[in-house]
Amino acid sequence: MTGPDRYAVAADVAWIDAEHVGEARAEVYVARLPDGEPLLLRDGAWAIWHGVAQGGTVDDIVGHAADLSGAERDVIADDVARFVESLVARGLVVPTPSA
Amino acid sequence: MHEEPVTDPPRGQVSSPDVDIPTFARVQLAHPVVQRIAEEAGVSLLHLKGPALLAGLRAPGRLSSDVDVLVQPDQFTTMEGALHDHGWERYSHVSSGSAFEHAANWWHPHWGYADLHARWPGATASPADTFSALSEESFLQPIAHYACPVPGRTAQLLVLLLHSARSPGYRDVELTWNEQSPQQRAAVIDLAGRIGGQVALAAALGHLEEHRGDPSYALWHFYRDGGGRLDEWRARYRAAPSPSGRWRVVVSAARVNRDHLRIELGRTPTRSDVLTAQLGRIGKLVRESARMARAHLRKRPAP
């Protein structure tokens, strides 16, 4: 029996948070290497990205994003799941099937 | 090119900010971009300065504006071809970039400028020996969460010191030398000796006068104290290591640098542009020669 898929940032992706240079903005810049365009993820998208960067199931990511954004888990769960799938479609995030 | 938001919930929270991406983010992401291109092309390189530095060696408040990498010399052409294949444009060639003929300047619409170094100015050992020595203690450092090879601590310090020797106004020896332990300084001196960088290191540390007899003395003196274009060309001529090198300096002094002209004009120069610039360059050299001759005569004692 296998558990729910886990997600992680793809190995060919670079990303940097505005906090890295002391900017107090909820922003992260992401690029798929070597030819992807830079993407700016802010606010809710920023919180979800950090959830993915921690690694885990969609449930884990929802929990992390809720903690960062202060939103209710139940309210954002479906939206987070859809956004994670869109990141997978872009090749920025990969599912890592759990054993 | 801007994209639509990816999905409903983060509407307006996802964008493709290729126009206004802040410098810190652009440079941080550009290092992994260049690294990935190198990996796919099988090229070895070292990331230098800026985000590639160990945390304690970054001058507070100083942000890089471009990427610097030192390429394994045998693979330089391969790396240039790979950058070209990934949409990068060459802005200047190695031979036209600087007095040291050390780097080609590349540009990408998303990632800005990258200096591709064939050698590091100040090192007089062969580029292959220099790359090898600077690579000895290299390690992988995450830049924007992507592993990039960087020189070890001693090589990082030496690279910064040699850079400061040719950067008027940026003599950051406090961090890179004065605050270092005696053992660390000895290691830097030893590495400088192995890559033939003693004179440049002396210039960085304020001991250049100990090397007055060295062919490169005038060049480092020029970088330390400044001077006219003619002073620079004379210093370059003296520092050239071979007759063919000296001949290249003479030809370069007289010839318009098409790479620089293209940057200046913001377009590919026409034959007329080149001719006009060429005449201006020769006129400038003649005027400067005359100025130097007058200054020389004024210095001569009256009969």
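Just so it is clear, the structure is predicted and the values come from calculations on it, not from any experiment.

Caption draft 1: Highlighting the overall build of chain A. Check the secondary structure of chain A and you find three helices and six strands. Element order for chain A, N to C, with α for helix and β for strand: β-β-β-β-α-β-α-α-β. Compactness check: chain A gives a C-alpha radius of gyration of 13 Å against a globular reference of 13 Å for 99 residues, within 12% of the reference. Dimensions along the principal axes, computed over C-alpha positions, put chain A at roughly 45 × 30 × 20 Å. Within chain A, buried positions represent 47% of all 99 residues. Taking contacts inside chain A between residues at least 6 apart in sequence as the whole, the part at least 24 apart equals 50%. Total accessible area on chain A stands at roughly 4600 Å², and carbon and sulfur atoms take up 49% of it.

Caption draft 2: Structural view of the overall build of chain B. Of regular secondary structure, chain B possesses 13 helices and eight strands. Restricting to contacts in chain B with at least 6 residues of sequence separation, those with at least 24 account for 59%. A total accessible area of about 15200 Å² is found for chain B, and carbon and sulfur atoms account for 53% of it.

Caption draft 3: Geometry of the pattern of salt bridges. Counted according to the given criterion, the structure contains nine salt bridges over all chains. Close ionic contact of arginine 82 of chain A with aspartate 79 of chain A constitutes a salt bridge, the shortest N to O distance being 2.8 Å. You can see arginine 82 of chain A and its partner aspartate 79 of chain A sitting in helix 3 (residues 73–89), three residues apart, about one turn around the helix. Taking relative accessible area as the criterion, arginine 82 of chain A reaches 42% and is therefore assigned partly exposed. The shortest N-O distance in the salt bridge between arginine 194 of chain B and glutamate 136 of chain B comes to 2.5 Å.

Caption draft 4: Quick peek at the pairing of strand 3 (residues 27–32) of chain A. Residue and element names in this part refer to chain A. Strand 3 sits mainly inside the fold: five of its six residues count as buried. Here strand 2 (residues 13–17) runs beside strand 3; their pairing, made up of five bridges, is antiparallel. In the sheet register, aspartate 17 faces strand 3, and the bridge partner there is valine 28. As defined by bridge partners, strand 3 adjoins strand 4 (residues 39–42) across four bridges and the pair is classed as antiparallel. Among the inter-strand pairings, valine 30 is bridged to a residue of strand 4, identified as leucine 39.

Caption draft 5: Fine view of the packing of helix 1 (residues 44–54) of chain A against helix 2 (residues 58–69) of chain A. Residues and elements named next belong to chain A. At a closest axis distance of 8 Å, the pairing of helix 1 and helix 2 adopts a crossing angle of 135°. By the angle class used here, helix 1 and helix 2 are oblique. Crossing of helix 1 over helix 2 shows right-handed handedness. Within the contact between the two elements, helix 1 uses Trp46, Ala47, Ile48, His50, Gly51, Val52 and Gln54 and helix 2 uses Ile61, His64, Ala65, Leu68 and Ser69. Here the contact of helix 1 with helix 2 is composed, by residue class, of seven nonpolar, five polar and no charged.

Caption draft 6: View of the environment of valine 188 of chain B. All names here are of chain B. Structurally, valine 188 can be placed in helix 7 (residues 182–194). For valine 188, a relative accessible area of 1% puts it in the buried group. For the pair valine 188 and valine 159, spaced 29 residues apart in the sequence, the C-alpha separation amounts to 9.7 Å. Look past the residues within four positions of valine 188 in its chain and what remains in contact with it is Thr154, Leu157, Leu158, Leu161, Trp177 and Leu201.

Caption draft 7: The arrangement of the packing of helix 2 of chain A against helix 3 of chain A in detail. Residue and element names in this part refer to chain A. Their axes nearest at 9 Å, the elements helix 2 and helix 3 cross at an angle of 120°. Between helix 2 and helix 3, the crossing angle belongs to the class labelled oblique. Considering how the two elements wind past one another, helix 2 and helix 3 form a crossing that is right-handed. On helix 3, the residues that touch Val58, Asp59, Ile61, Val62, Gly63, Ala65 and Ala66 of helix 2 are Arg73, Ile76, Ala77, Val80, Ala81 and Val84. Split by residue class, the contact of helix 2 with helix 3 holds 10 nonpolar, one polar and two charged.

Caption draft 8: Region of the structure containing the environment of arginine 58 of chain B. Residues and elements named next belong to chain B. Position of arginine 58 relative to the elements: it lies in the loop between strand 2 (45–48) and strand 3 (67–71). Owing to a relative accessible area of 34%, arginine 58 belongs among the partly exposed residues under this scheme. In the structure, arginine 58 is positioned 118 residues away from threonine 176 in sequence and 9.4 Å away in space, judged by C-alpha atoms. The residues touching arginine 58, leaving out its near neighbours within four places in the chain, are Gly50, Pro51, Leu53, Gln141 and Leu175. There is a polar contact of 3.4 Å between the side chain of arginine 58 and the backbone oxygen of proline 51.

Each value, and the rule that gives it
- Residues numbered from 1 in each chain as written.
- Chains lettered and ligands numbered in written order.
- Predicted model: local features only at pLDDT ≥ 70, side-chain atom pairs only at ≥ 80, totals over all residues.
- Heavy atoms only, no water.
- Helix = DSSP H or I, 4+ residues; strand = E, 2+ residues; numbered from the N terminus.
- Rg over C-alpha atoms; globule rule 2.2 N^0.38 Å.
- Buried < 20%, exposed > 50% of the residue type's maximum accessible area, 1.4 Å probe, protein only.
- Contact = heavy atoms within 4.5 Å.
- Areas by Shrake-Rupley, 256 points an atom, 1.4 Å probe, with all protein chains shown as cover.
- Salt bridge = Lys/Arg side-chain N within 4 Å of Asp/Glu carboxyl O.
- Pairing = 2+ DSSP bridges.
- Axes fitted to C-alpha atoms, helices over the stretch in contact; angles between N-to-C directions.
- Parallel < 35°, antiparallel > 145°, perpendicular 65-115°, else oblique.
- Left-handed = near helix turned anticlockwise from the far one by under 90°.
- Nonpolar A, V, L, I, M, F, W, Y, C, P; charged D, E, K, R; others polar.
- Polar contact = N/O pair within 3.5 Å; in protein donor to acceptor, adjacent residues only side chain to side chain.

Note that every value here comes from positions in space, so none of it alone points to a role or purpose.
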